[in-house]
Amino acid sequence: VWDGVTLAAIADRMPANVPTRPEPRNYQRDAIAALTGDLDTRGRGLLVLATGLGKTVIGGEVIAQHLKRDPGDRVLVVAHMKELVDQLERALWKHLDKTVPTQVLTGDNRPARFDGVTCATVDSALNLAADGYRPGLIMVDETHHVGETGMYQRLLDICGDSRQFGVTATPWRGDKFDITARFGEPSYSMGIAEGMAAGYLAQVDYR
């Protein structure tokens, strides 16, 4: 029933974007503009946002704007766990045009092509970069995992000409390495207290 011709016909009839594409809130629009501006001027950006305020929504819109401007460019989204990589790919579908291919790269899965957006674990992404892959834009999820040395550092150094931005809720590391040394001062920041005061996070009653 679901042969290739039928599936292609269904895909052609689908709208370019999913109907459930989230509409950014006002602070998310500010964050998108700040990140995009920093990426344009210095090629680096950092988003510090409390859990629940929509880091992936903002990251997805930054990626979408990049691909709208450079449709043929490659984008790499990196995380430290394959479960996160799977979640990120599915979350990004809401922000991308249906013509943008996405794929997951982990130790268990290696796609045949790397056009569009590749969501990868850091070790797999490092191996891919060592083979010559160079994306135009890199998003690092949970950026606090980036240390002074290690796989993240090597990956970002190899892809030093790529635009790079990180997103995190907790920008502090136990080893005291300052992630702003890699990404610069936060392009946009909103903590838990600010999110609660603005009405975007649930109030907490501590006892």
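Going by the structure above, here's the rest.
Residues numbered from 1 in each chain as written. Predicted model: local features only at pLDDT ≥ 70, side-chain atom pairs only at ≥ 80, totals over all residues. Heavy atoms only, no water.

Engineer: In this structure, what is going on with the packing of aromatic side chains? I would like to understand it.
Structural biologist: Here the distance between the centres and the angle between the planes together describe a pair of aromatic rings. One pass over the full model with this rule turns up 2 aromatic pairs. Ring centres of Tyr-27 and Tyr-200 lie 4.7 Å apart, and the angle between their planes is 55°; this geometry places the pair in the tilted category. One end of the pair, Tyr-27, is in helix H2 (residues 26-42); the other, Tyr-200, is in the segment after helix H8 (192-197), with 173 residues separating them in the sequence. (Phe/Tyr/Trp six-rings, centres within 6.5 Å; stacked < 30°, edge-to-face > 60°. Helix = DSSP H or I, 4+ residues; strand = E, 2+ residues; numbered from the N terminus.)

Engineer: In this structure, what is going on with the environment of Arg-29? I would like to understand it.
Structural biologist: Relative to the elements of secondary structure, Arg-29 occurs in helix H2. Counting along the chain gives 29 residues from Arg-29 to Ile-58, while the straight-line C-alpha distance between them is 7.8 Å. Excluding its chain neighbours within four sequence positions, the residues that come into contact with Arg-29 are Glu-23 and Pro-24. Separated by 3.1 Å, the side chains of Arg-29 and Glu-23 make a polar contact. (Contact = heavy atoms within 4.5 Å. Polar contact = N/O pair within 3.5 Å; in protein donor to acceptor, adjacent residues only side chain to side chain.)

Engineer: Where do I start with the layout of surface pockets in this structure?
Structural biologist: Roughly 220 Å³ of volume is contained in the largest pocket. Lining the largest pocket we find Asn-17, Arg-21, Glu-61, Ala-64, Gln-65, Leu-67, Lys-68, Pro-71, His-95, Leu-96, Asp-97 and Val-100. Partitioning the lining of the largest pocket into residue classes produces 5 nonpolar, 3 polar and 4 charged. Lining the second largest pocket, in full, are Met-14, Pro-15, Ala-16, Asn-17, Val-18, Pro-19, Trp-93, Leu-96, Asp-97, Lys-98, Val-100 and Thr-102. Partitioning the lining of the second largest pocket into residue classes produces 8 nonpolar, 2 polar and 2 charged. (1 Å grid on protein atoms, 1.4 Å probe; cavity = no way out; pocket = protein on both sides within 12 Å on 5 of 7 lines; lining within 4 Å. Points joined across faces, edges and corners; volume = space filled by probe spheres on them. Nonpolar A, V, L, I, M, F, W, Y, C, P; charged D, E, K, R; others polar.)

Engineer: What should I look at first to understand the sheet that holds strand S5 (residues 137-141) in this one?
Structural biologist: Two strands in a sheet stick together by hydrogen bonds in their backbones, pointing the same way (parallel) or opposite ways (antiparallel). If you trace the 7 strands from one edge of the open sheet to the other, you get S3-S4-S2-S5-S6-S1-S7, paired in parallel fashion. Each end of this open sheet is capped by a strand with a single partner; those strands are strand S3 (102-105) and strand S7 (188-190). Mean inter-strand twist for the sheet, computed between neighbouring axes without regard to direction, equals 15°. Across the sheet, helix H5 (residues 122-130) is in contact with strand S2 (75-79), S3 and strand S4 (117-121); its angle to S4 comes to roughly 120°. (Pairing = 2+ DSSP bridges. Axes fitted to C-alpha atoms, helices over the stretch in contact; angles between N-to-C directions.)

Engineer: For this particular structure, what's the right way to read H2?
Structural biologist: Structurally, the α-helix is built with 3.6 residues per turn, so residues lying three or four positions apart point the same way. Taking 1.5 Å of rise per residue, the 17 residues of H2 would be expected to cover 24 Å, and the 24 Å separating its terminal C-alpha atoms lies within 8% of that figure. Those residues of H2 lying buried are Tyr-27, Gln-28, Ala-31, Ile-32, Leu-35, Thr-36, Asp-38 and Leu-39. The inward-facing, buried residues of H2 abut strand S1 (44-49), helix H3 (55-69), S5, strand S6 (163-168) and S7. (Expected span 1.5 Å × (residues − 1). Buried < 20%, exposed > 50% of the residue type's maximum accessible area, 1.4 Å probe, protein only.)

Engineer: Teacher, can you tell me more about the pairing of S6 here?
Structural biologist: The side chains of a regular strand alternate between both faces of the sheet. Counting buried residues along S6, 5 of its 6 residues qualify, which places the element largely inside the surrounding structure. Pairing analysis gives 5 bridges linking S1 to S6, with the strands arranged parallel. Residue pairing in the sheet places Gly-45 in a bridge with Phe-165 of S6. When S5 meets S6, the two strands line up parallel, connected through 5 bridges.

Engineer: What is the right way to look at the pattern of salt bridges in this model?
Structural biologist: Think of it this way: side chains of opposite charge can pair up when their charged atoms draw near. Going through the model one piece at a time under the given rule, you end up with 10 salt bridges. Measuring nitrogen to oxygen at the nearest pair gives 3.2 Å for the salt bridge that ties Arg-42 to Asp-38. Here Asp-38 and Arg-42 lie together in helix H2, a separation of 4 residues that amounts to about one turn. The class of Arg-42 is partly exposed, set by a relative accessible area of 37%. Salt bridges sharing partners connect three or more residues here, namely Asp-40, Arg-69 and Arg-163. (Salt bridge = Lys/Arg side-chain N within 4 Å of Asp/Glu carboxyl O.)

Just distances and angles here, no functional claims.
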